[in-house]
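Coordinates in review
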Amino acid sequence: MSDLRIALVAEGPTDRIVIQAALRAMLGARAFVLQQLQPEGSLAFGGLGGGWGGVYRWCKQAAKRGSGSVSRDALLFQSFDILLVHLDVDVASSSYRAANVAQDSTDAPLPCDRPCPPASAASDALRSVVLSWCGESHTPTNVVLCLPSRCTETWVLNALFPHASVRHDLECFAGPETWLAQQPVAKRLRKHQGSYLARADDICAAWAGVTSSLSEAKRFQGELLAAS
Amino acid sequence: MLTHLHVERFKSLVKLELELGRVNLFIGSNGSGKSNLLESLGVLGAAAFGRVEDETLLRRGVRPGVPSLYKTAFSLTPQENTSHILFSCEGKGGASLSVTLWNPLGNPSPAWKYKTENLRVGQDTIATRTTTSAGRHNQEQGMAALKTVELPPDHAAVALMDLLRSYSIYCPNTPSLRGLVQDVQARDPVGLSGGRLPEAVDELLAAAQKDPKLAELVDEVRELIDWAKDFSAAPSTKVPLSPSAARSRLVIQFVDRYMKKGRNRLTGYDASEGALYILFVAVLAMHAKAPPCIAIDNFDQALNPRLAQRLMEKLCRWTAARNGDGQMLLTAHNPAILDGLPLSDPSVRLFAIERNSKGHTVVRRIDLQEAMAKRPDDTWTLSRMWLNGLLGAVPNV
C-alpha cells in the first residue's frame, strides 16, 4: 500500500505536531506523508497568516483555485490524497473583524458559538462555517475536518494527564493551554514546538484513550479513517 | 542512459524505485534524502568499478561512511531487515546491474563485500555471483567489472558499466571555480568542485570553433552572462590579476560590457561567481569528455532566481543536443528553477523527495499534465505551487 499523502491546513505548528502524533496512532503501520500548507503571503504585506485567519485565507485561496470549491482544487489534489483542515472550536466565539478578515457574502456568520455541553453543538456550527469558506455544502470525501473542542490543547491535556481532575466535561473547558502551562515544572507544557515534539510519542501512545473520552477526537478519527 | 534505479536499505532509502529520464530534478527539504539518492548511484558506480571502499567512493563524490551509517538504521520488519544493501539499475540498451553489498556493523573491513552480483543484457547473464557461490570468489572484488573486459567495446553491458564507473556527484564551490584552492577531486574536463574550469572552457571554445551546432549552444551561454560581452580562457600572465591571487596556467577572462576598453577585462578571480557556476554547468553539459551520466548537487547555488530559471531551461536543451549521451541528476532549492523545466518533454522529470511518518525517504514523480490542464489561470506557476506546499517537498516549519 502506498504512503497516504495528507495536506494539512492548521492554525499553528504545535497543532500540526499533535495532529501528526494522532495520525501515527490512527494509521498504525501505514506510513503517511504530512505536509503543512500555508496561505500565500509576505511578511512585508501583512504576515504569513497563522491562527484561524490563516486557515480562512488558505481555504479562500484554494476554493478560488478550484473554481469555487476546495475539493475541486486540481493543483492540490494532484499531490495529496486528503486535505485535513484544522480549527479550534473556540473560534466559534470569534468574529471576522477580530482576525482582521474581510468577510465576504458566501462566508457563514461568526460568532456561531453554542452552549457546551454538548461539545458537538459548537463544533457542528463551526463545521458549517469552515465548509462555507471552502465553498462546500457538505464535507467532501477528500476533505477531513479536525475541530478539537475547545482547542487542540484539550486533546493534549487528556493525553498527557488522563487522570487530571479538571472538569468532567473536558471538551467544554476553556483553559487547557493555561492549565498545561501552570503545572509543576517537571510536568509543565508550554506552547513551544520543542516542548510538543518532546511529548509527541506520549500523545501518540495515549491517543486511544483520547478518542474514548473526547467526542470530537473520536469524530476526527472516524472521518479520517473513512477518508483514507 | 540509465532508465531505472532500485535501492534498498541504504541510509534513509529503505526501498526506492524510480524511472529516470534524461534530466532529473530532485526537490525536497534539507535532510529529506536527496544527496543519499545521488550517492546510491555513486556506490553502484564504485561496485561497477570493482571495489567499494573509501577511495572509490570519494572519487565519485560519495561521502564515505562506516556500515552503521550506510546501512539503514530504521526499525524494519523481519522481511525488510536483511544484512545487505541492494543497488540495482537498468540502462537503455537492456543491460542491468544488480549488486548486494555487506560489511559487518561491528569491526567493519575497509572494503565492502559483494554478496550477490548480476550483470545481464535482456535474458543473457554476463556475470553472476550468488549467495551460494560467494565463498568461492574474492568477495571484495567485483566479478562484473572483471567480466566486462572480455566483451567487445560496443556491448550493451560494457556501455552500462562504463556509464556507472564514470558517474560522479559534482558539487561546485566558489574557491575552486575561482582557482583559489586546489580541487582535491580533479577530473577531466572539470573537477567535482569546479577545478580546471579555465582549461575546460578553453577546450569547449576550441571545439565550438569547429562545430557550428556547438557554437550556437555556446552562444546561449554568452546570453546568460548578460553583463559580459564575451568570455574566454587566457594565460594568467596576460590578464590583470592581483599578485596575491593563486595563479594557474590559464584563467577565465570576461570582457565587461560597460567598462572602458582597455580596462574592461576581468578574471574568474574577480568576476561574479554566478558566471563561473554557469560556465561549470555548461562544460558538464557540452564538453565532449563530460561523463555521460552525472549528478550536480545544489546546481542552483549562487544564481539569481531568473538566471537559475533560464539556466535550467538551457541545460535541458544542451543535454538534448548530446543525442542521448547526456543524462543529469540534479538537486536544487530555488523555486524559480521549476519554471525553467519543460515538463511536457517526457525525458525531463521532476521528483519530490520527502520523509514519511517513519522517517523513510520517499520519492514521487511530479507529473502535472492533468493538473495543469485544469489549473484556473496562468498565475499558477510551478515555483508558486512549490512555495505554497502544493507540490509537497517543503519542510513543516
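Preceding this paragraph is the structure being described.
Here is a short report on the structure shown in this document. On a predicted model such as this, the values are computed, not experimentally measured, just so you know.

At the junction of Leu-110 of chain A and Pro-111 of chain A, the peptide bond is cis and its omega measures out at 0 degrees in the coordinates. In this chain, Cys-116 of chain A is followed by Pro-117 of chain A through a cis amide linkage whose omega measures 0 degrees. Mapped onto the fold, Pro-117 of chain A is located in the loop between strand S3 (82-86) and helix H4 (119-133). Phi angles above zero are rare outside glycine, and Arg-196 of chain B is one such case at about 70 degrees. Mapping Arg-196 of chain B onto the fold places it in the loop between helix H6 (174-178) and helix H7 (197-210). If you check the backbone angles, Ala-302 of chain B has positive phi at about 70 degrees while not being a glycine. With respect to the helices and strands, Ala-302 of chain B occurs in the loop between strand S12 (293-296) and helix H10 (305-320).

All names here are of chain B. An order of S9-S10-S11 is seen for the three strands of this open sheet, with the pairing classed as antiparallel. Each edge of the sheet is formed by a strand with only one pairing partner; in this case those strands are strand S9 (228-235) and strand S11 (265-267). The average angle at which neighbouring strand axes cross in this sheet is 30 degrees, direction not considered. Note that S9 and strand S10 (residues 250-256) share seven bridges and pair antiparallel. Paired with Ser-232 across the two strands is Gln-253, which belongs to S10. In the packing of H7 onto the sheet, the strands contacted are S9 and S10, and the crossing angle to S10 comes to about 65 degrees.

All right, on to the pairing of strand S13 (residues 327-331) of chain B then. Residues and elements named next belong to chain B. S13 sits mainly inside the fold: five of its five residues count as buried. With four bridges connecting them, strand S3 (residues 23-28) and S13 associate as parallel partners. Looking at S13, one finds that Asn-24 is bridged to Leu-329. As judged from the four bridges shared by S12 and S13, these two strands associate in the parallel manner. Within S13, the position partnered with Ala-295 by the bridge is Leu-329.

How each quantity is defined
- Residues numbered from 1 in each chain as written.
- Chains lettered and ligands numbered in written order.
- Predicted model: local features only at pLDDT ≥ 70, side-chain atom pairs only at ≥ 80, totals over all residues.
- Helix = DSSP H or I, 4+ residues; strand = E, 2+ residues; numbered from the N terminus.
- Pairing = 2+ DSSP bridges.
- Axes fitted to C-alpha atoms, helices over the stretch in contact; angles between N-to-C directions.
- Contact = placed C-beta atoms within 7 Å.
- Buried ≥ 20, exposed ≤ 12 C-beta atoms within 10 Å, placed from the backbone.

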